[in-house]
Amino acid sequence: MTIRSSITQSLIGLALFSTTAVFTQAATAETIIGQSGNVRAEISYEKPEEYQYKNVRLKIIRAGKTILDQKLP
């Protein structure tokens, strides 16, 4: 095996490892909360990549009672 062949194989292995690492990164889960008086709104989502959102959910609570809890498209 030549040095060039060894370097090529190492670069291919590194590229495959890097691609696998990108696919296995965990999504970031966040919740944003706003409140005015006795009304509270919560929007939660997962952000697996920049500018990409999944599992978006809106929840509205008024006077301690949940009046809306819905997954958004």
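Read on for an overview of the structure. None of these values were measured; they are calculated from a predicted model.

**Quick word on the pattern of salt bridges**
Here is step 1 of the chain: Tallied over the entire structure, the rule returns 2 salt bridges.
Here is step 2 of the chain: Ionic pairing is found between E42 and R40, a salt bridge with its closest N-O pair at 2.8 Å.
Here is step 3 of the chain: Exposure remark for E42: the relative accessible area of 17% places this residue in the buried category.
Here is step 4 of the chain: Take R40: its relative accessible area is 29%, and that puts it in the partly exposed class.

**Structural notes on the environment of A41**
Here is step 1 of the chain: Along the chain, A41 turns up in strand β2 (residues 39–49).
Here is step 2 of the chain: For A41, a relative accessible area of 32% puts it in the partly exposed group.
Here is step 3 of the chain: In this structure, the C-alpha to C-alpha distance between A41 and T66, residues 25 residues apart in sequence, is 9.8 Å.
Here is step 4 of the chain: Residue contacts for A41: discarding those within four places in its chain leaves I32, I33, G34 and K59.

Quick notes on the rules
Residues numbered from 1 in each chain as written. Predicted model: local features only at pLDDT ≥ 70, side-chain atom pairs only at ≥ 80, totals over all residues. Heavy atoms only, no water. Salt bridge = Lys/Arg side-chain N within 4 Å of Asp/Glu carboxyl O. Buried < 20%, exposed > 50% of the residue type's maximum accessible area, 1.4 Å probe, protein only. Helix = DSSP H or I, 4+ residues; strand = E, 2+ residues; numbered from the N terminus. Contact = heavy atoms within 4.5 Å.

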